[in-house]
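Chain residues, written in single-letter form:
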Amino acid sequence: MSDHRSRFREGFEQLLSEMPDPPSLDALSSRPAELQDSPRRRGALVAFAMGAAVVLVAGAALLALHGGQDPAQPANVEYVKLEWSQHFELRCLGMEIVDNGGFDDAVIEIWGPNTDNLIRMDTTAPDGTVTRVVVEPSTTTFSEQRIWSTGTKRFNEAGYRVSDCLEENSGNTSSFAMAQPPEFISGSGYELWLPIIQRARDGSVLDLEEIYSRDATARTEVWRGTPVTVYATERSGTDEMGDFSSTFERWYDSDRQRLEKWIIESDNEVLGSGTTTYTVIDRQTLPESNVSFEMDDLTLVFDQSEYETSDVEVSVTTSIPPLGLPLMLDAVEITTADIPNGDLEELIAPEEGDQLYVIHATEGASIYVRLRAADRHRMYATSCDVLTSVELPEAWIGTCLERTVEGQRITGKFSYREASE
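Residues numbered from 1 in each chain as written. Predicted model: local features only at pLDDT ≥ 70, side-chain atom pairs only at ≥ 80, totals over all residues. Heavy atoms only, no water.

## Focus: the overall build of the protein chain
- Along the protein chain, the regular secondary structure elements total six helices and 22 strands.
- Only carbon and sulfur atoms are counted for the fraction: they give 47% of the accessible area of the protein chain, which is about 18500 Å². (Helix = DSSP H or I, 4+ residues; strand = E, 2+ residues; numbered from the N terminus. Areas by Shrake-Rupley, 256 points an atom, 1.4 Å probe, with all protein chains shown as cover.)

Now the structure itself:
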């Protein structure tokens, strides 16, 4: 499977690629430019261990009045306000430029987590349009459990700029993503700005500062009156898209262990250049009672339970053994090392004892099958069009990472049913 990747919008994917046994990040996934039908490094699916809200101890007089029991004070939530902006100059040499001319900046406000383990994000466009997202992070997987949004879709662009370089090749269209909407409106991006514990697959706590410092130069700056360490990482080289270079500056508050600013600069000989900036402009601790996490006016746009095995006993085979299905006639058994990129490996989540297969569905695009004892048989693809190009066998689960909606490519984790709509 070809994998034409520029270094644009590497953002969170580059961060996660530096982590040991990394999860991918969906979302603040600053999505890299790439072929539409090639494996895509998404953004991140990060595990969170969400603590309960702080309970304060009352004074001695109150202890006496209440028979020695500690009355709990109202819980608090953290609040952070960021400015987001992007600036892209497209070259798209030998390609078609597609650019909707939308907004290149926004204000993002984030609250949480509250006592119900919810995060609220309001992204305000320059015309005043507010996209509200409420996220329930999963406590057991590297993703969100549920997401509610003001839009009817998970990826509601709300007038933000979207640009791509399109290339026609032997009847196939390759799309290289350039400017994209802020990740926050898809329910991602909060984990680096809030005091949320991030863990690796083995349950160990990730040391973000140690990750930022790898292969980076460090200098000291002051941001909003607080000393921060700026870790700058540079990348450069040559690939099928010509010469490329990128610089990542992460402004990190070591004392409070949180990111305060992030600047991503990229340049590609063929595609163009771009800069994306995330900047914290305000932080507060607020009473939880002052912040609404209601979902009455929001739409449920993502539910992890669609991808999880039901607690109710289900048949994990059909009347035909899986290897006897027409789908599997041309399947080739593979190992984990044959999975072409981290996104698919993260999605497939192979374990010892699994049987893995690849089915070459179209030129340069494949479907991957995972058979696991006591679990439903599953098939996966990067492109949802590729996944739905074959019929889903009875009792199987299908999942894909990219789909096209109203002419725009979006990334995420989509069920076979969603991809077929």
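## Points about the side chain of Q86
- Turning to its location among the elements, Q86 is positioned in strand β2 (residues 76-90).
- With a relative accessible area of 5%, Q86 lands in the buried category.
- A polar contact of 3.2 Å, which involves the side chain of Q86, links it to the backbone nitrogen of Q180. (Buried < 20%, exposed > 50% of the residue type's maximum accessible area, 1.4 Å probe, protein only. Polar contact = N/O pair within 3.5 Å; in protein donor to acceptor, adjacent residues only side chain to side chain.)

## Quick notes on the nonpolar core
- I110 and W193 are the most contacted members of the largest nonpolar core, which has 34 residues in total.
- With 21 residues, the next largest nonpolar core counts L327, Y357, I359 and M379 among its residues. (Core = buried A, V, L, I, M, F, W, Y, C linked by side-chain atoms within 4.5 Å.)

## Observations regarding the packing of aromatic side chains
- The full count for this structure, using the stated rule, is eight aromatic pairs.
- Their ring planes at 40 degrees and their centres at 5.3 Å tell us that Y79 and W111 sit as a pair that is tilted. Taken as a pair, Y79 in strand β2 and W111 in strand β4 (residues 105-112) lie far apart in primary sequence, 32 residues in all. Grouping residues by exposure puts Y79 and W111 together as buried. (Phe/Tyr/Trp six-rings, centres within 6.5 Å; stacked < 30°, edge-to-face > 60°.)

## Comments concerning the state of the cysteines
- For the coordinates displayed, the defined rule picks out two disulfides.
- Each disulfide pairs two cysteine sulfurs, and for C384 the partner residue is C400, the sulfurs being separated by 2.0 Å. When the S-S torsion is 90 degrees, as for the bridge of C384 with C400, the disulfide is right-handed. Residue C384 is located in helix α5 (residues 384-387), and its partner C400 is located in strand β21 (residues 397-405); the two are separated by 16 residues in the primary sequence. Assigned by exposure class, C384 and C400 land together as buried. (Disulfide = S-S within 2.5 Å.)

## So, the environment of K413
- Along the polypeptide, K413 turns up in strand β22 (residues 408-415).
- Here K413 falls in the buried class, since its relative accessible area comes to 11%.
- A sequence separation of 109 residues divides K413 from Q304, and the C-alpha atoms of the two residues are 9.2 Å apart.

## Let's talk about the sheet that holds strand β17 (residues 332-334)
- The sheet built from six strands is open, its strands ordered β17-β18-β19-β20-β21-β22 with mixed pairing. Where the open sheet ends on each side, the last strands, each with one partner, are β17 and β22. If you compare each strand with its neighbour and ignore which way they point, the axes differ by 25 degrees on average.
- Looking at chain direction, β21 and β22 are connected through six bridges and run antiparallel. For R403, the partnering residue across the bridge sits in β22 and is I410. (Pairing = 2+ DSSP bridges. Axes fitted to C-alpha atoms, helices over the stretch in contact; angles between N-to-C directions.)

## Some thoughts on the side chain of S149
- If you trace the backbone, S149 turns up in strand β7 (residues 144-149).
- Exposure remark for S149: the relative accessible area of 0% places this residue in the buried category.
- S149 has contacts with T131, R132, V133, L298, T299 and V301, leaving out every residue within four places of it along the chain. (Contact = heavy atoms within 4.5 Å.)

## Concerning the environment of L118
- Its place among the elements puts L118 in the loop between β4 and β5 (119-124).
- Residues L118 and E294, 176 residues apart in the sequence, show an inter-C-alpha distance of 9.9 Å.
- Every residue in contact with L118, bar those within four places of it in the chain, is listed here: W111, G112, P113, V134, V135, E136, W148, F293 and M295.

## Focus: unusual backbone geometry
- Cis geometry marks the peptide bond from G112 to P113; its omega dihedral reads -5 degrees.
- Take P113: it is sitting in the loop between β4 and β5.
- Its identity as a non-glycine residue notwithstanding, R224 has a phi of 55 degrees, on the positive side.
- The residue R224 is located in the loop between β11 (217-223) and β12 (226-239) in this model.
- Judged by relative accessible area, which is 41%, R224 ranks as partly exposed.
- Here the phi dihedral of Q257 falls at roughly 55 degrees; this positive angle occurs in a residue that is not glycine.

## Let's talk about the sheet that holds strand β13 (residues 242-253)
- Ordered by their spatial adjacency, 11 strands build an open sheet running β11-β12-β13-β14-β15-β2-β4-β5-β6-β7-β16, and the pairing between neighbours is antiparallel. Here the strands that pair on one side only, and so sit at the sheet edges, are β11 and β16 (299-303). Strand-to-strand twist across the sheet, computed as the mean angle between neighbouring axes with direction ignored, equals 20 degrees.
- For β12 and β13, the ladder comprises 11 bridges, and the chain directions are antiparallel. When the bridges of β13 are listed, S236 appears paired with S245.

## Some remarks on the pairing of β2
- Sheet analysis places β2 next to strand β15 (residues 272-287), joined by 15 bridges and oriented antiparallel. Paired with Q86 across the bridge in β15 is T276.
- Judged from the eight bridges that link them, β2 and β4 form a sheet pairing that is antiparallel. Following the sheet pairing, K81 is matched in β4 by E109.

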